[in-house]
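# Chains, contacts and geometry: an overview
So the chains spell out like this:
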Amino acid sequence: MDDTRNGIVYGALFLFFIVILIVGGYVLTVKVTKEDSSDKINTNNNEKTEENVVISDKYKIDKTKEYIYFDNIDSKSLEHEIIFQDIIININSNDAKNLETKLNNDMAELRKTYKKISDQELSEEDKERILYKEDDIYSTLFKKYTKYFYKNYTSLLVDSFDYDCYNGSTYKNSISYVFDTNTGKILTKKEILNIYNKNLDNLKLKVEEALESEQTEVEGTNLIDITSTINSFDNDDNYALYINKSGFLVVSFLVKTTQIDYNDVIILN
């Protein structure tokens, strides 16, 4: 009698164990299948879909490197971020090749403007006026590169500066280039604004609102010339428009004032 009962118990436990294995295997299979499908990666054409945006590295020349990187780097000042460097745009398109050539030709000319304090014949009065001696830089023109990668967009922001040992760095202007890495082409400012369902009027309004909130008075006169600043946006060359690494649309521009003009950056979305 006891043997019969024990047999029934063992049999029930065996069946229960089999059921657990079947159910567990099904759940694991479903989970793995869902995780694999959620990545939406097509290994055949090296494309993936992210939030309904197809991202491809079809136009990337060296698949092991970023879309933008640098070579022939000569760092002159960490404090003032004065770096002479050649840019490599790792995109196989005419837009990329032409821009790379232009920027590197510009950089070659900037390298020629570099002068050392130790090479100058200065009076004692001029020596006493020097504020920045540590890097032995008397004067130079230089550009600062900042790169951003977001989905299928690669942005390059180029800020230009004048530098001398008496005044430090003086901002001149900003230029931006935004590549659609799915096509290899540089987008126009209108095309960039269209991505965010915006236009030039929207941009001007956003900038105007920001400047009004920053407005101050000096001796009873408004410091910021808002009208002149807004009007400057009628020329595409007067501002930089790019997509940062978080996907925000950003504008960089020169603020006109009654004293010293300065650079400002505003997120538009």
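Here, every reference points to the structure presented above.
The notes below deal with the structure included here.

Cut-offs used in this document
Residues numbered from 1 in each chain as written. Predicted model: local features only at pLDDT ≥ 70, side-chain atom pairs only at ≥ 80, totals over all residues. Heavy atoms only, no water. Helix = DSSP H or I, 4+ residues; strand = E, 2+ residues; numbered from the N terminus. Buried < 20%, exposed > 50% of the residue type's maximum accessible area, 1.4 Å probe, protein only. Contact = heavy atoms within 4.5 Å. Areas by Shrake-Rupley, 256 points an atom, 1.4 Å probe, with all protein chains shown as cover. Salt bridge = Lys/Arg side-chain N within 4 Å of Asp/Glu carboxyl O. Pairing = 2+ DSSP bridges. Axes fitted to C-alpha atoms, helices over the stretch in contact; angles between N-to-C directions. Phe/Tyr/Trp six-rings, centres within 6.5 Å; stacked < 30°, edge-to-face > 60°.

## A word on the overall build of the protein
Per the secondary structure count, the protein includes six helices and 15 strands. Evaluated residue by residue, the protein yields a buried proportion of 34% over its 269 residues. Sequence-distant contacts in the protein: of pairs separated by 6 or more residues, those separated by 24 or more amount to 52%. Working note: accessible area of the protein is about 16800 Å², and carbon and sulfur atoms make up 50% of it.

## Regarding the environment of Y242
Here Y242 is to be found in strand β13 (residues 239-243). Overall, Y242 belongs to the buried group, its relative accessible area being 5%. Along the chain, Y242 and K189 lie 53 residues apart, while their C-alpha atoms are 8.6 Å from each other.

## Side note on the pattern of salt bridges
In the structure shown here, the tally under the stated rule is ten salt bridges. For D74, the salt bridge identified is with K76, shortest N-O distance 3.0 Å. A relative accessible area of 24% places K76 in the partly exposed class.

## Overview of the sheet that holds strand β10 (residues 185-186)
Strand order across the open sheet formed by five strands is β6-β7-β8-β9-β10, with antiparallel pairing between neighbours. Every other strand in the sheet has two partners, leaving β6 (115-116) and β10 as the edge strands with one partner each. Sheet analysis places strand β8 (residues 153-164) next to strand β9 (residues 168-180), joined by twelve bridges and oriented antiparallel. Looking across to β9, one finds that Y153 is bridged to D180. Against the sheet, helix α2 (residues 94-112) touches β7 (137-150), β8, β9 and β10, its axis set at about 160° to β7.

## Topic: unusual backbone geometry
Positive phi, normally seen in glycine, also occurs at D136, with a value near 60°. Position of D136 relative to the elements: it lies in the loop between α3 (124-129) and β7. For D136, a relative accessible area of 23% puts it in the partly exposed group. At E219, a residue that is not glycine, the phi angle is positive and equals roughly 55°.

## Regarding the sheet that holds β13
One open sheet holds the three strands; their spatial order is β13-β14-β15, and the pairing between them is antiparallel. Each end of this open sheet is capped by a strand with a single partner; those strands are β13 and β15 (262-267). Within this sheet the neighbouring strands show an average axis-to-axis angle of 20°, counted without direction. Sheet topology note: the strand β14 (residues 249-255)/β15 ladder contains six bridges and is antiparallel. In the strand pairing of β15, V255 is matched with Y262. Running at roughly 115° to β15, helix α5 (residues 200-214) makes contact with β13, β14 and β15 of the sheet.

## Focus on the packing of aromatic side chains
Inspection of the entire model under this criterion finds eight aromatic pairs. On the basis of an interplanar angle of 10° and a centroid distance of 5.1 Å, the ring pair of F142 and F161 is categorised as stacked. A residue pair is termed long-range when its members are at least 10 positions apart, and F142 in strand β7 and F161 in strand β8 qualify at 19 residues. Measuring from centroid to centroid gives 5.0 Å for Y148 and Y242, while their planes differ by 15°, and the two rings are stacked. Placement of the pair is Y148 in strand β7 and Y242 in strand β13, with a sequence separation of 94 residues.

## Here we look at the pairing of strand β4 (residues 68-77)
Relative to strand β5 (residues 82-89), β4 runs antiparallel, the two being bridged by seven bridges. Bridged to D71 within β5 is D86. From the end of β4 to the start of β5, which pair antiparallel, there are four residues, and E81 there has a positive phi angle of about 55°.

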